[in-house]
Amino acid sequence: MEGRSDRETLRFGIHSGQQYADFPGLRSLWQAAESLGYDWVSLFEHFRPRILGPDGPCLDGMTALSALAAVTGRVRCAMLVTPVTWRHPALLAVAAATVDHVSGGRLELGLGAGGDDLAFRQYGIEQPPPATRLERLDEACRVLRALWDGGPADFTGKHFTLREAYLCPVPVQARLPLVIGGAGAGTLRAAAEHADVWNCLALPPAAYRAAADTLAAHCARTGRDPAEIRRSVTFRAVLTPDAAAARRARAALADSTDGRSADLPEYIAFGSAQECLDRLAPYLGLGVRDFLLAVRPPPDLATVERFITEVAPALREEARRWTV
């Protein structure tokens, strides 16, 4: 596990997704993020996301993650997140251990209860109700940890069963980090018990504080110190040199999405690096130490560079003031 000083260190990441028509474009973004000094890059496990319409491109998450781990050398390689609806957790445990070996011990695996995905309708995959998905999330965390220890593992749950089960080779990392994603009450209960990292969207600070308080309350019930759980937020931003450019960027996004996405709460800034800094700085006081910039395809490389060269150093300086 991380020490307290490690948990206070800020990390900056790109949540790239994999909605690309070919692999080279995605590979280029990951390698650019690594060369710019980002600490983390992540994919997701939607099969048919809505963002680019019902026929938009989307590479397979775990397959792409393994390939990207092989062509990078430093950044944390993350899945943010894989829903428990897609595969048995024992199969996920094997896949995750494999990616951890490919990456040389750089995987962070995100889990979630799962939500909207066009694949359920298009591919005829059954989506369990929310309560069942939350039960599976809890059991999946237990199965993963049991198998990552190597085995023999026995587990009897409502949804999953192991009988003298082994996993070999085990992950490179002595404790492969589990990231639990989401801010619903059931997800926060799972995070309190199982998460090394808790991630959610950059909710308005008051709403984020309420979710963090709920997480802490669940930790108290399980006897866990909430400071053991690293806090992470994902957000979108368009960083531009002037107000006119910001207006053009917002209008272009509205045109490209028929107005569906331009004002979603995950867009914390359309404008300067200072505006982005002002919006993110309050999260430092709420315990957030991972800031993940979500990037839509085609990637806005100017924003990717401005964030890590202008916003990230200022956030690090602000964090030093919190810890002095």
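Up top you'll find the structure we're talking about.
**Brief notes about the layout of surface pockets**
(1) Moving on: In this model, the largest pocket occupies a volume close to 1,200 Å³.
(2) Moving on: Classifying every residue of the lining of the largest pocket by side-chain character gives 20 nonpolar, 18 polar and eight charged.

**Quick word on the nonpolar core**
(1) Moving on: Of all hydrophobic cores here, the largest spans 83 residues; its most connected members are Leu109, Trp198, Leu280, Phe291 and Phe307.
(2) Moving on: The contact partners of Phe307, leaving out residues within four places of it in the chain, are Phe12, Tyr38, Phe235, Leu239, Cys276, Leu280, Phe291, Leu293 and Ala312.
(3) Moving on: In this structure, Leu80, Val179, Val197 and Leu292 belong to the second largest nonpolar core, which totals six residues.

**Looking at helix α3 (residues 61-70)**
(1) Moving on: Across the ten residues of α3, seven count as buried, placing the element largely inside the fold.
(2) Moving on: For α3, every residue scored as buried is listed here: Gly61, Met62, Ala64, Leu65, Ser66, Leu68 and Ala69.
(3) Moving on: In this structure, the buried residues of α3 make contact with α2 (23-36), β2 (40-43), β3 (76-83), α4 (89-103) and β4 (107-112).

**Some remarks on the packing of aromatic side chains**
Within a pair of aromatic rings, the relevant descriptors are the distance that separates the centres and the angle that separates the planes.
(1) Moving on: Summed over all chains, the structure comprises nine aromatic pairs.
(2) Moving on: Seen in terms of ring centroids, Tyr38 and Phe307 are 6.5 Å apart; in terms of plane orientation they differ by 15 degrees. Their pairing is stacked. Here Phe307 lies in helix α11 (residues 301-323) and Tyr38 lies in the loop between α2 and β2, a separation of 269 residues in the sequence.
(3) Moving on: By relative accessible area, which is 0% here, Tyr38 ends up buried.
(4) Moving on: Under the relative-accessibility criterion, Phe307 is labelled buried at 0%.
(5) Moving on: With 5.5 Å between their ring centres and 55 degrees between their planes, Phe235 and Phe307 make a pair best called tilted. With Phe235 in strand β9 (residues 230-239) and Phe307 in helix α11, the pair connects residues that are 72 residues apart, well separated along the chain. There is no split in this pair, since Phe235 and Phe307 are both buried.
(6) Moving on: What links up through ring pairs into an aromatic cluster is the set Phe12, Tyr38, Phe235, Phe291 and Phe307.

**Some points on the pairing of strand β11 (residues 288-294)**
(1) Moving on: Within β11, seven of the seven residues are buried, which leaves it mostly tucked inside the rest of the structure.
(2) Moving on: Where strand β1 (residues 11-15) and β11 come together, five bridges link them in parallel fashion. Residue pairing across strands places Phe12 opposite Phe291, the latter belonging to β11.
(3) Moving on: Sheet topology note: the β9/β11 ladder contains five bridges and is parallel. In the sheet register, Phe235 faces β11, and the bridge partner there is Leu293.

**What to know about the state of the cysteines**
(1) Moving on: Enumeration according to the criterion identifies zero disulfides in this entry.
(2) Moving on: Of all cysteine sulfurs, the one in Cys219 lies closest to Cys141, which takes part in no disulfide; the gap is 13 Å.
(3) Moving on: Overall, the relative accessible area of 0% leaves Cys141 in the buried class.
(4) Moving on: Not part of a disulfide, Cys200 finds its nearest cysteine sulfur in Cys219, a span of 14 Å.
(5) Moving on: Under the relative-accessibility criterion, Cys200 is labelled buried at 4%.

**Details of helix α7 (residues 185-194)**
(1) Moving on: For α7, the tally of buried residues reaches seven of ten residues, placing the bulk of the element in the interior.
(2) Moving on: All of the buried residues along α7 are Gly186, Thr187, Leu188, Ala190, Ala191, Ala192 and His194.
(3) Moving on: Against the buried residues of α7 lie α6 (130-148), β7 (178-181), β8 (197-201) and α8 (205-222).

**Some points on the packing of α4 against α6**
(1) Moving on: Look at α4 against α6: their axes get within 9 Å of each other, and the N-to-C directions meet at 50 degrees. If you check the angle between α4 and α6, you find them oblique. Crossing geometry of α4 relative to α6 is assigned as right-handed. When α4 is examined against α6, the residues Pro89, Ala90, Leu92, Ala93, Ala96 and Ala97 are found in contact with a partner set consisting of Ala140, Val143, Leu144, Leu147 and Trp148.
(2) Moving on: The residue inventory of the contact of α4 with α6, partitioned by class, reads eleven nonpolar, no polar and no charged.

About the criteria used
Numbering of residues starts from 1 in each chain and follows the order in which that chain's sequence is written. Where local features are concerned, this predicted model is filtered to residues with pLDDT of at least 70; where side-chain atom pairs are given and counted, the filter is 80 or more; whole-chain, interface and lining totals use all residues. Computation of side-chain values covers all heavy atoms of the structure but excludes hydrogens and water. Method remark: on a 1 Å grid restricted to protein atoms, a set of points is classed as a cavity if a 1.4 Å probe fits but cannot get out and as a pocket if it is open with protein on both sides within 12 Å along at least five of seven lines; lining residues have an atom within 4 Å of a point. Grid points are joined across faces, edges and corners, and a volume is the space filled by probe spheres set on the points. Note on residue classes: Ala, Val, Leu, Ile, Met, Phe, Trp, Tyr, Cys and Pro are nonpolar, Asp, Glu, Lys and Arg are charged, and everything else, Gly too, is polar. Residues belong to one nonpolar core when they are buried, are Ala, Val, Leu, Ile, Met, Phe, Trp, Tyr or Cys, and are joined through side-chain atoms within 4.5 Å. Throughout, exposure labels follow a simple rule: accessible area from a 1.4 Å probe, protein chains only, divided by the maximum for the residue type, with under 20% read as buried, over 50% as exposed, and the rest as partly exposed. Any two residues whose heavy atoms approach within 4.5 Å are treated as being in contact. In this description a helix means any DSSP run of H or I spanning at least four residues, a strand means any run of E spanning at least two, and both kinds are numbered starting from the N terminus. Paired rings are identified among Phe, Tyr and Trp, the last through its six-membered ring, by centres lying within 6.5 Å, and are further divided according to the angle between planes into stacked (under 30 degrees), edge-to-face (over 60) and tilted (the rest). Should DSSP find at least two bridges between two strands, the strands are regarded as paired. Here, the term disulfide refers to a pair of cysteine sulfur atoms separated by no more than 2.5 Å. Lines are fitted to the C-alpha atoms to define the axes, a helix being fitted only along its stretch in contact, and any angle between axes, read from their N-to-C directions, falls within 0 to 180 degrees. In these notes the angle categories are as follows: under 35 degrees is roughly parallel, over 145 is roughly antiparallel, 65 to 115 is roughly perpendicular, and the rest is oblique. Two helices that cross are described as forming a left-handed crossing if the nearer one is turned anticlockwise from the farther one by less than a right angle, and a right-handed crossing if clockwise.

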